Amino acid sequence: MKRFMAFVKKEFLHIFRDYRTLIILFGIPAAQILIFGYAVRTDLTNAGIAILDNARDEVSAELTHKLEASEFFEVKYNLGSYEEIDPAFKQGKIKAAIIFPANLGTSLAREGNATVSIIADGSEPNTASLVTAYTTAIINDYSAQLTRQVSQGMPVINQEVRMYFNPNLESYYMFVPGVITLILILITALMTSVTIVREKEFGTMEVLLVSPLKPWQIIIGKVAPYFFLSLVNVIVILLMAWFVFGLPVKGSIALLIAETMLYILLGLSIGIFVSSSVQKMENAIFISFLALMLPSLLLSGFIFPIENMPKIYDYVSMILPPRWFVEIIRSIMIKGAGFAYIWKETLILVIMTVFFMALSARKFNVRLGEGEK
Amino acid sequence: MMEKEKVIEVKELVKRFGSFVANDHLSFDVYKGEIFGFLGANGAGKTTAIRILCGLSRPSSGKVTVAGIDASRPEEIKKRIGYMSQRFSLYEDLTVSENIELYGGIYGMTMKEIRPRREQLLTRLSFIQQGDMLIKSLPLGLRQKLAFAVAVFHDPEIVFLDEPTSGVDPITRRQFWEMIYETASRGITVFVTTHYMDEAEYCDRITIMNEGKIVALDTPAALREKYGTQTIEELFVKIARPKTVTS
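In this text, all values refer to a predicted model and were calculated from it rather than measured experimentally.

Participant: Can you lay out the overall build of chain A for me, pointing to particular residues and giving the numbers?
Facilitator: From N to C terminus, chain A includes 14 helices and four strands. For chain A, the C-alpha atoms occupy an extent of roughly 95 × 45 × 40 Å along the three principal directions. Counting over 373 residues, chain A shows a buried share of 34%. Taking all contacts inside chain A whose residues are at least 6 apart in sequence as the whole, residues at least 24 apart take part in 78%.

Participant: A description of helix α4 (residues 111–124) of chain B should follow, citing residues and the corresponding values.
Facilitator: With 14 residues, α4(B) should reach 20 Å at 1.5 Å per residue; the first-to-last C-alpha distance of 20 Å fits that figure. Where α4(B) ends, the next residue or the one after it, Ser126(B), has phi of about 45 degrees, a positive value.

Participant: So what's going on with the interface of chain A and chain B? Which residues, and what values?
Facilitator: On the chain B side, the residues contacting the 23 residues of chain A number 23 residues. In terms of residue class, the side of chain A that touches chain B is made up of 10 nonpolar, five polar and eight charged.

Participant: How would you summarise the sheet that holds strand β1 (residues 6–17) of chain B if you had to cite specific residues and measurements?
Facilitator: Residue and element names in this part refer to chain B. The four strands lie next to each other as β2-β1-β4-β5, forming an open sheet whose pairing is antiparallel. Edge strands, defined here as strands with exactly one partner in the open sheet, are β2 (20–31) and β5 (69–70). Examined bridge by bridge, β1 and strand β4 (residues 61–66) share five bridges and lie antiparallel to one another. Looking at the pairing, Val-14 lines up with Ser-61 of β4.

Participant: I'd like to hear about the nonpolar core, residue by residue, with values.
Facilitator: Within the largest apolar cluster, 124 residues are counted, with the highest numbers of intra-cluster contacts made by Val179(A), Leu53(B), Val150(B), Val159(B), Phe160(B) and Val190(B). With 17 residues, the top contributor of residues to this core is helix α7 (residues 172–202) of chain A. When sequence neighbours within four positions are dropped, the list of residues in contact with Val179(A) reads Pro29(A), Gln32(A), Ile33(A), Phe36(A) and Ile237(A). The next biggest cluster of nonpolar side chains, apart from the first, holds 21 residues, and it includes Ile99(A), Phe100(A), Leu104(A) and Val131(A).

Participant: Account for the environment of Ala240(B), naming residues and giving values.
Facilitator: Note that Ala240(B) resides in the segment after α9 (232–239). The contact partners of Ala240(B), leaving out residues within four places of it in the chain, are Gly40(B), Ala41(B), Ile208(B), Asn210(B) and Val215(B).

Participant: Let's hear about the sheet that holds strand β7 (residues 158–162) of chain B: which residues, and what values?
Facilitator: Strand-to-strand pairing in sheets goes through backbone hydrogen bonds, with the strands running parallel or antiparallel. Residues and elements named next belong to chain B. Strands sit in the order β6-β7-β8-β3-β9-β10 across an open sheet of six strands; the sheet is mixed. For this open sheet the edge positions go to β6 (81–85) and β10 (213–218), each flanked by a neighbour on one side alone. Going from strand to strand, the sheet's axes swing by 15 degrees on average, the running direction of each strand aside. As judged from the five bridges shared by strand β9 (residues 205–210) and β10, these two strands associate in the antiparallel manner. Following the sheet pairing, Ile-208 is matched in β10 by Ala-216.

About the thresholds
Residues numbered from 1 in each chain as written. Chains lettered and ligands numbered in written order. Predicted model: local features only at pLDDT ≥ 70, side-chain atom pairs only at ≥ 80, totals over all residues. Helix = DSSP H or I, 4+ residues; strand = E, 2+ residues; numbered from the N terminus. Buried ≥ 20, exposed ≤ 12 C-beta atoms within 10 Å, placed from the backbone. Contact = placed C-beta atoms within 7 Å. Expected span 1.5 Å × (residues − 1). Nonpolar A, V, L, I, M, F, W, Y, C, P; charged D, E, K, R; others polar. Pairing = 2+ DSSP bridges. Core = buried A, V, L, I, M, F, W, Y, C linked by C-beta atoms within 7 Å. Axes fitted to C-alpha atoms, helices over the stretch in contact; angles between N-to-C directions.

Purely geometric stuff here, so don't read any function into it on its own.
This is how it looks when you write it as structure tokens:
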């Protein structure tokens, strides 16, 4: 045990002496939370729009006012003619142009319907669809009001939509769990594989293997500090999410920590597995990044919903640990779900952990038994 | 010679990798306090033999005893030996003292045991001032000497040096060999492999391996006499050349 502790102490010294490691460990998660939370928004605020009001009547004035009054839009231009639409888009200050037809008020009064054109900037598809959705909602809202006024006493079906779990559709509800998921796999898999491969590359692994330390002690000793630091990291991220965005953990914190530990363990065993397969640090970084980070980012459902993907990607994403962990952490944090709702995902993570541990243990023993070179 | 205590006994050691025989019936003894040179061209089977002696690999057959312990119990062997390889073995981002404490700790020494010995060692290597310096700030020669000092810090019975002086300047090599002599005089057996044939002359006895077999084993002087050569280098070229043309 004393031998083991001397070894673990050395690993901590490595980490604390290398400020780059610390930056990766604590700086990047903090920055990501803030960037994703504040800058990368999937919701809409103060998008510039232009209005071409050919009607100049009561209805168009009221609609313009409604659009302006909402926090989603800011009317940048009041255009005079169709020719001005194109330059307004090219200047890049507006995301959409709303065109009221000349006979808006009258045709609405006489025929009971009218058409408002929305032209959105299709060069940014996501924003474009948000803008049209929001605009349509505002206009619908207005026309529903009109209907009620006109058809007094007539039954009208009103829709009342409520976003469960996330009433304001805040994007950080999605990003905080996502960032935790990604950061953990980055720290655990990438950093452990690099730290182990570094010993091989510098030739110190040889010396350690000749020492009385048992191979498993070397591996555990190398990853134990990262286990500990990852856990601290998660707690820091959760606290940040809480204080900066006011995002509390709805479910059991104990359950969340336990699931996180499992996920960290899985990441570490993947890291160990990678380290047992490569000889050079660059390769370890390359594999961890390309095979783990990128697919995790794209396919875990953290940014792009898996439901919208072609079926094949759905299957591919199933072998990615982050996909399952995102589900778990989202359920606990946002929905307040208990273990009964996430046992399946948990089981999958357990199986993956056991699989990678067994695989690396086998590789390690084979390597020891009949050494290469 | 016969009266001396044997610290390594190898009898009929065979190591096979599939159909390839890396070590073909090796037999030799190494005595306590001896400097035992292990020579051979690349691929002659030196590294395989050292790995077995260090407990990293198991013999396919034959009997190997290191520090009185059978090779079937490598964990016990590992506690009693020291090891240093040609590839640099100290941690560059740790200080001199931290490296010493780490290796002392790994070999089961307490801080109480480590501290006085560390001071003694730093004084002896005359860099008492540098205990808090990072390894990477030290010149290469000094690092290599320190790596050796660390390899024998826990007073092992045998220290294995795998090409310890490759890539080191002649002056440091000289000082390195002085340290080896000093270590041997403390009763620690030194088992060293080298590429430098002049270094072979410094050994008490040398073994030359070729194609998995031991082709010569004796004192340098006796070998030179036996084969009628002036230097070990000549001798080496004469007997350890891989057979390219059958005679």
